[in-house]
Amino acid sequence: MSAGGGHGPLHQFVISPMAEMHIGGMDVSFTNSSLFMVLAISLVTFFLVGGMRKQALVPGRWQSMAELTYEFIANMIKDNVGTEGRSYFPFIFSLFMFILVCNLLGMVPYSFTVTSHIVVTFAFAFLVFLGVTVIGFVKHGLGFFKFFLPDGTPWWMAPLMIFIEVVAYLARPISLSVRLAANMMAGHTMLKVIAGFVIGMGWALGWLPFALLTILVGFEIFVAILQAYIFAILVCVYLNDAIHMH
Amino acid sequence: MEMEVLKYLGAGLTTFGMLGAAIGVGLVFAAMLNGIARNPSAEPKLAKYVYIGAGLAEAMGLFALVIGLILIFAV
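For clarity, every value in this text was computed on a predicted model and none was experimentally measured. Within each chain, residue numbers correspond to sequence positions counted from 1 in written order. Chains carry letters and ligands carry numbers; both start at the beginning, A for chains and 1 for ligands, and go up in the order they are written. The predicted origin of the model limits local features to residues at a pLDDT of at least 70 and limits the giving and counting of side-chain atom pairs to 80 or more, whereas totals for whole chains, interfaces and linings rest on all residues.

A. Structural detail: the overall build of chain A. Of the regular secondary structure elements, chain A holds 7 helices and 4 strands. Each helix corresponds to a stretch of at least 4 residues labelled H or I by DSSP, and each strand to a stretch of at least 2 residues labelled E; elements are numbered beginning at the N terminus. Start at the N end of chain A and walk to the C end: the helices and strands fall as β-β-β-β-α-α-α-α-α-α-α. Counting only C-alpha atoms, chain A reaches 70 × 55 × 50 Å along its principal axes. Here, residues touch in the contact sense if the C-beta positions derived from the backbone fall within 7 Å of one another. Nonlocal contacts in chain A, meaning residues at least 24 apart in sequence, comprise 61% of its contacts between residues at least 6 apart.

B. Here's a closer look at the overall build of chain B. Looking only at helices and strands, chain B features 3 helices and 0 strands. The linear arrangement of helices and strands in chain B, starting from the amino end, is α-α-α. Since a compact globule built from 75 residues should have a radius of gyration of about 11 Å, the 18 Å found for chain B marks it as more spread out than a globular shape. Taken along the three principal axes of its C-alpha coordinates, chain B extends 60 × 15 × 5 Å. Burial status across chain B gives 11% buried among its 75 residues. The atom set for the radius of gyration is the C-alpha atoms, and the globule formula is 2.2 Å times the number of residues raised to the power 0.38. Buried residues are those with 20 or more other C-beta atoms within 10 Å of their own C-beta, exposed residues have 12 or fewer, and partly exposed residues lie in between; C-beta atoms are placed from the backbone.

C. Quick peek at the environment of A:Met157. All names here are of chain A. Looking at the element boundaries, Met157 is found in the loop between helix H4 (118-140) and helix H5 (158-200). Exposure remark for Met157: the 11 C-beta atoms within 10 Å place this residue in the exposed category. Sequence-wise, Met157 and Phe126 are 31 residues apart; in three dimensions their C-alpha atoms are separated by 30 Å.

D. Highlighting the interface of chain B and chain A. Counting residues at the interface gives 8 residues for chain B and 10 residues for chain A. Only Asp, Glu, Lys and Arg are considered charged, only Ala, Val, Leu, Ile, Met, Phe, Trp, Tyr, Cys and Pro nonpolar, and every remaining residue, Gly among them, polar. Each residue belonging to the side of chain B that touches chain A can be placed in one class, and the counts come to 7 nonpolar, 1 polar and no charged.

E. Structural detail: unusual backbone geometry. Located in the positive-phi region is A:Gln55, a residue other than glycine, with phi close to 55°. Relative to the helices and strands, A:Gln55 resides in the loop between helix H1 (32-51) and helix H2 (61-80).

F. Representation of the packing of helix H1 (residues 3-13) of chain B against helix H3 (residues 43-73) of chain B. Residue and element names in this part refer to chain B. Axis separation between H1 and H3 bottoms out at 8 Å; the angle between their running directions is 165°. The orientation of H1 relative to H3 falls into the category roughly antiparallel. Two packed elements cross with a definite hand, and for H1 against H3 that hand is left-handed. Counting all contacts with H1, which are made through Lys7, Gly10 and Ala11, the residues of H3 involved are Gly68, Leu71 and Ile72. Of the residues belonging to the contact of H1 with H3, the class tally is 3 nonpolar, 2 polar and 1 charged. Only the stretch in contact is used when a helix axis is fitted, and all axes are lines through C-alpha atoms; the angle between N-to-C directions ranges over 0 to 180 degrees. Geometric relationships in this document are graded by angle, where less than 35 degrees denotes roughly parallel, more than 145 denotes roughly antiparallel, 65 to 115 denotes roughly perpendicular, and other angles denote oblique. Crossing handedness is read from the near helix: turned anticlockwise from the far helix by less than a right angle, it gives a left-handed crossing, and turned clockwise, a right-handed one.

G. Summary view of the nonpolar core. Core analysis: the biggest nonpolar cluster contains 45 residues, and A:Ile92, A:Phe96, A:Phe231, A:Ala232, A:Val235 and A:Cys236 have the highest contact counts within it. Elements represented by at least two residues in this core include exactly H1, H2, helix H3 (89-105), H4, H5 and helix H7 (207-243) of chain A together with H3 of chain B. No other element matches the 13 residues that H7(A) contributes to this core. Dropping the residues within four chain positions of it, A:Phe96 is found in contact with A:Ile73, A:Ala228 and A:Ala232. We define the nonpolar core as any set of buried residues of the types Ala, Val, Leu, Ile, Met, Phe, Trp, Tyr and Cys, connected via C-beta atoms lying within 7 Å of each other.

H. Spotlight on the packing of helix H2 (residues 17-38) of chain B against H3(B). All names here are of chain B. Running from N to C, H2 and H3 point in directions that differ by 175°, and their axes come no closer than 7 Å. As summarised for this structure, H2 and H3 are arranged roughly antiparallel, according to the angle between their axes. On H3, the residues that touch Gly17, Met18, Gly20, Ala21, Ala22, Gly24, Val25, Val28, Phe29, Met32, Gly35 and Ile36 of H2 are Glu43, Leu46, Val50, Gly53, Ala54, Ala57, Glu58, Met60, Gly61 and Ala64. When its residues are assigned to classes, the contact of H2 with H3 shows 14 nonpolar, 6 polar and 2 charged.

I. Representation of H2(A) in the model. Residue and element names in this part refer to chain A. Helix span is expected to be 1.5 Å times the residue number reduced by one. Look at H2: 29 Å from first C-alpha to last across 20 residues, which is about the 28 Å you get at 1.5 Å a residue. The complete set of buried residues in H2 reads Ile73, Met76 and Ile77. The arc that holds the buried residues of H2, viewed along the axis, is 100°, so those residues lie on one side. Residues Arg61, Ser64, Leu68, Glu71 and Asn75 are exposed on H2 and point more than 90 degrees away from its buried face. Where H2 is buried, its residues touch H3 and H7. One or two residues past the end of H2 sits Gly82, with phi positive at roughly 95°. Throughout, the arc means the angular range of directions from the helix axis out to the C-beta atoms.

See below:
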């Protein structure tokens, strides 16, 4: 695949340090991954702060879009968590906007997709899982363990049900993180592999994989937005499980 | 057979995991088409759940891909 000095399809995921820094033996260099995270935060902040600068009662275009994103998440939380979920709005909004912009930045050619690395998505998913479990215990005390035994199970099925429910609960952060990372990584790898075909098939047939590539880029943009939405809505569903058990 | 050969054989076999994901996503959209055919005014409500369901079903197929990648690159 790498002919004449090119890179393989997996070269795009390499993390390379841009400014080496070591603190006490730990490598805390500023990498290309950090650069794109900073870029994502700057873009989101610029979009929201710039949009709300005018604060007109009848919003202009920019303010309208900022308000649309606010309403989108606010409605999602209201539908899935209820009115108690209001206090978690800043967290879920920041999470959604960061993942969305990180995914979309990855669609720019030659850029780096922050969320394609399992360590990044696992950090998100694990923090959400930990936070939701702590919220469950704070709200319900030790009664949170009743979550694992659904109402109406016969007594002889209880041990099996509890085991299955606990395993399914512990699988949540893993599935949440792997879903996002695998979607991003698989999509981008496929794009690079087909891009390799464009050059490999030469002038005569090269337009065929190129047409496919165009359609796939459009599909990948859709997947980027959809995966951010799915992550946010699953966080809302898990929060709902913790706050109102079942 | 050495480890290398078995690794690549295993990675190739994990592609069968996509079969279930493809059928699952097809079922989700088939249900949506059925629902819209019976009650066209329910389309916005159905569309909201369709994408969540398709994303969840697709993720299972991607878990199979992850096993394949682990086999090729990390074993």
